Amino acid sequence: MKTNLSKAVCFIVFLLLSAPSFAQRGELGTPEERATRMTARMKEKLNLSAEQETPVAAINLKYAKQNQVLIETGGRNLRTARQAQAVMKKKDEELKKILNADQYQQYQAIKEEMRAELKERRKQK
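**Topic: the overall build of the protein**
The helix and strand inventory of the protein stands at 5 helices and 0 strands. By the burial criterion, 34% of the 125 residues in the protein qualify as buried. Contacts in the protein between residues far apart in sequence, at least 24 positions, make up 69% of those at least 6 positions apart. Accessible area of the protein: about 8200 Å², with a carbon and sulfur share of 52%.

Shown next, in the form of structure tokens:
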């Protein structure tokens, strides 16, 4: 159970820190801005084709909006963490249909790297 909570919290932080170089300190930006940053990052890291970019952008926007609701209303609790985890699972399922096998594997690897970085940051605090 602690592992699931940790993963969900990591996911939330992953969303919040997905492109920290673009956001000002403490500001996440709008869901649209976050989705745009995420799409640009995915385009670069996963070498998205032109055909993939549009649906990936739509998915990123859809889930950025859903996560905005969690950010605004959820707080830091187990229920919110579970909801965030469910949102991420749905997003991953949709992305898996658009990305090829290699791209999806890279996407998963990037998410794991972000989780590891987050864990390390937490240890340093």
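Next comes the rest of the description.
**Here's the deal with a positive patch on the surface**
Together, Arg76, Lys119, Arg122, Lys123 and Lys125 make up a region of like positive charge exposed at the surface. Within the secondary structure, Arg122 is located in helix α5 (residues 101-124). Relative accessible area serves as the criterion here: at 40%, Arg122 is assigned to the partly exposed category.

**Let's talk about the pattern of salt bridges**
Applying the stated criterion across every chain yields a total of 5 salt bridges. Between Glu53 and Lys43 there is a salt bridge, with the nearest N and O atoms lying 3.3 Å from each other. Taken together, the positions of Glu53 in helix α3 (residues 50-73) and Lys43 in helix α2 (residues 31-46) put the pair 10 residues apart, joining distant regions of the chain. Residue class for Lys43 comes out partly exposed when judged on its relative accessible area of 39%. A salt bridge links Glu112 to Arg115; its shortest N-O distance comes to 2.4 Å. Note that Glu112 and Arg115 are positioned in helix α5 at a spacing of 3 residues, about one turn of the helix. On the basis of relative accessible area, Arg115 is assigned to the buried category, the value being 18%.

Scoring rules and cut-offs
- Residues numbered from 1 in each chain as written.
- Predicted model: local features only at pLDDT ≥ 70, side-chain atom pairs only at ≥ 80, totals over all residues.
- Heavy atoms only, no water.
- Helix = DSSP H or I, 4+ residues; strand = E, 2+ residues; numbered from the N terminus.
- Buried < 20%, exposed > 50% of the residue type's maximum accessible area, 1.4 Å probe, protein only.
- Contact = heavy atoms within 4.5 Å.
- Areas by Shrake-Rupley, 256 points an atom, 1.4 Å probe, with all protein chains shown as cover.
- Patch = residues over 30% accessible without salt bridge, like charges linked within 9 Å, V, L, I, M, F, W, Y side chains within 5 Å.
- Salt bridge = Lys/Arg side-chain N within 4 Å of Asp/Glu carboxyl O.
- Lys, Arg positive; Asp, Glu negative; His and termini not counted.
- Charge placed at Lys NZ, Arg CZ, Asp CG, Glu CD.

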